[in-house]
Amino acid sequence: MGLNRVDFAIIGLYLAGITLFGLRFRKKRRTLRDYFLAGREIPWWAIALSIVAAETSTLTIISIPGLAYDTNLTFLQVILGYLVGRVVISLVLLPHYFRGDLFTAYELIERRFGRGLRSFTAGLFLLTRAAAEGVRVYAVSIVVSIALGTGEVASIAIITALTLIYTFEGGLAAVIWTDVVQTVIYVGGTLVGLVTILHLVPGGWGAIHSAAAAAGKLQIFDFRTSLAIPYTFWSGLIGGTFFTTASHGTDQLIVQRLLAARGQKQSATALISSGVAILMQFALFLTVGVMLWAYYRMPSANFGRADRIYPTFIVTHMPHGISGLLIAAILAAAMSNLSAALNSLSSSAIMDFYARLRPAADETRKMRLSRLATLLWALVLLGLAVIALHKAGRVVEVGLQIASVAYGALLGVFLLGVLTRRANQWGAAIGMLCGFAIELYLWLGTSVPWTWWVMIGTALTFSVGWIASTLMPSANPFQKDEASRRAGGS
């Protein structure tokens, strides 16, 4: 069928409307607190929806249905760990984040260990977050190229440019409030898509359920103990807990939103409620995948890759108007995730590096450089997305794998800081290097599923860091003497 003028009009109106809406949050006079933390005036429910949007990229909307199409519903077991991880963060990490006036997660590391390790952790965040976001931005091109017929590079450039406009001008306030609107759009659009598929499959839900149950597509729990299986109850609960504790407790992409809350209690409420929303959301996307399988009944290889199934169905089988709405919904998720990445990468680059190297720089200069950093990171992500064009496999798993490579080392050093008094900067740095090395090995040299990487990396980082700190209590090559460190400030 393809898209017609009505569909293109809906997509165009969305792109123009969300960009103009984001520009409403720009101010003539703005401080770094406004630009990076939205003045810490955002209500908990908006932060909750923004967290959901930040972790829901195009990868989720197009790749999770593809995952269910190829397998079943066992990915939901990972979401159980997502819920437990949020509770751990609320109890262990949030109290430390709300002691003082922090802009980034890595200021907590400096307060506990010193400036050298803060630079190390922030640098690792910038490196791996940029790589993971490059894959996510590439996923946008799959949808846009199928829907609009543009080349993949041009598709990436269009979405990056539009998102950059309001993120550049409005900062975190624009990011969060556009996230709220975009969450409503992509969840509502997906629900419309689900109902439409339901009516297109002969026999409706009864036929879908019967065929899917017979093929094992409705399986949720897998209690096998094999480490070779990526989605089991144990890898989901344990691995998902460690993954989320790291991704939401040490990654500036999410921590920045938590710091924008009006207080610790509201921050915790936003975090926990976002977990419930994520559970329902993933159940929705996986169900769409099962329904698509019941409709097509053909191998995903016939589409080129599983990630192309849902956008292909939207463009070729959805009624006009609805198909335009669903493409706009997918773009909503893409833009909300990209804007979050741009603002968090910019905040870490300025606050964790430039502001420390140039503590005397005035607010105006820092603001100007913050906007410039946002522009530069947009160019970096654009380049990485083009490189990712040649990456095979389901893109959602590629993105999760890249993020997982650093999360174990980051979480391990954060836990060393908040759970022990014995750990010092030297020992924590050694532990972090070991943790990062083992996760690189797990990624490049083994077949261990990504769901276990963060737990293994965290355990190694924590244990090696604690032992090294015990054996070398006074050695600290990264940190100046205490008086010098305090004089330099943060």
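Residues numbered from 1 in each chain as written. Predicted model: local features only at pLDDT ≥ 70, side-chain atom pairs only at ≥ 80, totals over all residues. Heavy atoms only, no water.

### Things to note about the nonpolar core
Alright, step 1. Phe75, Tyr97, Leu292, Leu331 and Phe414 are the most contacted members of the largest nonpolar core, which totals 154 residues.
Alright, step 2. Sorting elements by how many residues they give to this core places helix H15 (residues 322–357) first, with 20 residues.
Alright, step 3. Other than its neighbours up to four places away in sequence, Leu292 contacts Pro65, Tyr69, Ile197, Ile309, Tyr310 and Phe313. (Core = buried A, V, L, I, M, F, W, Y, C linked by side-chain atoms within 4.5 Å. Buried < 20%, exposed > 50% of the residue type's maximum accessible area, 1.4 Å probe, protein only. Helix = DSSP H or I, 4+ residues; strand = E, 2+ residues; numbered from the N terminus. Contact = heavy atoms within 4.5 Å.)

### Quick notes on the pattern of salt bridges
Alright, step 1. This structure, assessed with the given rule, holds 10 salt bridges.
Alright, step 2. One salt bridge connects Asp101 with Arg40, and the closest N-O pair in it is separated by 2.4 Å. Of the two residues, Asp101 is situated in the loop between helix H6 (94–97) and helix H7 (107–112) and Arg40 in the loop between helix H2 (32–37) and helix H3 (44–54); the sequence distance between them amounts to 61 residues.
Alright, step 3. A relative accessible area of 44% means that Asp101 is categorised as partly exposed.
Alright, step 4. A salt bridge links Arg129 to Asp251; the nearest nitrogen and oxygen atoms lie 2.6 Å apart. Taken together, the residues span a long stretch of sequence, with Arg129 in helix H8 (residues 115–148) and Asp251 in the loop between helix H11 (233–249) and helix H12 (252–259) at a distance of 122 residues. Both residues of the pair, Arg129 and Asp251, belong to the buried class. (Salt bridge = Lys/Arg side-chain N within 4 Å of Asp/Glu carboxyl O.)

### Overview of H3
Alright, step 1. Where burial is concerned, most of H3 is hidden: eight out of the 11 residues are buried.
Alright, step 2. Along H3, the residues classified as buried are Ala46, Ile47, Ala48, Ser50, Ile51, Val52, Ala53 and Ala54.

### Points about the environment of Arg86
Alright, step 1. Mapped onto the elements, Arg86 comes out in helix H5 (residues 76–92).
Alright, step 2. Considered as a pair, Arg86 and Gly12 are 74 residues apart in the sequence and their alpha carbons are 37 Å apart.
Alright, step 3. Within the structure, the side chain of Arg86 is placed 3.0 Å from the side chain of Ser274, a separation counted as a polar contact. (Polar contact = N/O pair within 3.5 Å; in protein donor to acceptor, adjacent residues only side chain to side chain.)

### Digging into helix H13 (residues 264–296)
Alright, step 1. For H13, spanning 33 residues, the distance from its first C-alpha to its last is 48 Å, which sits close to the expected 48 Å at 1.5 Å a residue.
Alright, step 2. Arg297, located one to two residues past H13, shows a positive phi value of around 55°. (Expected span 1.5 Å × (residues − 1).)

### What to know about the packing of helix H18 (residues 425–445) against helix H19 (residues 453–471)
How two helices sit against one another is set out by the angle between their axes and by the gap between those axes.
Alright, step 1. Relative orientation of the contacting elements H18 and H19 amounts to 150°, with a least axis distance of 7 Å. Viewed along their axes, H18 and H19 adopt a mutual orientation that is roughly antiparallel. Seen from above, H18 lies across H19 with right-handed handedness. Residues Gly427, Ala428, Ile430, Gly431, Met432, Cys434, Gly435, Ile438, Glu439, Leu442 and Trp443 of H18 lie in contact with H19, whose contacting residues are Trp453, Val454, Ile456, Gly457, Leu460, Thr461, Val464, Gly465, Ala468 and Ser469.
Alright, step 2. Here the contact of H18 with H19 is built from residues that sort into 13 nonpolar, seven polar and one charged. (Axes fitted to C-alpha atoms, helices over the stretch in contact; angles between N-to-C directions. Parallel < 35°, antiparallel > 145°, perpendicular 65-115°, else oblique. Left-handed = near helix turned anticlockwise from the far one by under 90°. Nonpolar A, V, L, I, M, F, W, Y, C, P; charged D, E, K, R; others polar.)

### With respect to the confidence of the model for the chain
Caution applies to low-pLDDT parts of the model: their predicted coordinates are not meant to be read in detail.
Alright, step 1. With 91% of its residues at a pLDDT of 70 or more, the chain shows a mean pLDDT of 86.
Alright, step 2. This stretch, residues 476–490, has a pLDDT under 50; its non-local contacts, to residues over four places away or in other chains, come to 22 contacts. (pLDDT = per-residue confidence, 0-100.)

### Topic: unusual backbone geometry
Alright, step 1. Even without being glycine, Ala38 reaches a positive phi, approximately 55°.
Alright, step 2. Relative to the helices and strands, Ala38 resides in the loop between H2 and H3.
Alright, step 3. The exposure class of Ala38 is buried, given its relative accessible area of 9%.
Alright, step 4. Here the phi dihedral of Arg40 falls at roughly 50°; this positive angle occurs in a residue that is not glycine.
Alright, step 5. The class of Arg40 is buried, set by a relative accessible area of 15%.

### A word on the packing of aromatic side chains
Where two aromatic rings form a pair, the distance of their centres and the angle of their planes describe that pair.
Alright, step 1. Applying the stated criterion across every chain yields a total of 23 aromatic pairs.
Alright, step 2. Geometrically, the ring pair formed by Tyr82 and Phe282 is edge-to-face, given 6.5 Å between the ring centres and 80° between the ring planes. Within this pair, whereas Tyr82 is found in helix H5, its partner Phe282 is found in helix H13, the two being separated by 200 residues in sequence.
Alright, step 3. Among the residues examined, Phe282 registers a relative accessible area of 5% and is labelled buried.
Alright, step 4. Taken together, a centroid distance of 6.4 Å and an interplanar angle of 70° make the contact between Tyr231 and Trp450 edge-to-face. Of this pair, Tyr231 sits in the loop between helix H10 (204–214) and H11 while Trp450 sits in the loop between H18 and H19, and the two are 219 residues apart along the sequence. Across this residue pair, the class does not change: Tyr231 and Trp450 are buried.
Alright, step 5. Among the aromatic residues, ring-to-ring pairing joins Phe75, Tyr82, Tyr231, Phe243, Phe282, Tyr407 and Trp450 into one connected group.
Alright, step 6. Just above the ring of Phe25 sits the side chain of Arg24; from NZ or CZ to the centre is 5.8 Å.
Alright, step 7. The residue whose ring lies beneath Arg297 is Trp293, and the NZ or CZ to ring-centre distance is 5.0 Å. (Phe/Tyr/Trp six-rings, centres within 6.5 Å; stacked < 30°, edge-to-face > 60°. Lys NZ or Arg CZ within 6 Å of the ring centre and 35° of its normal.)

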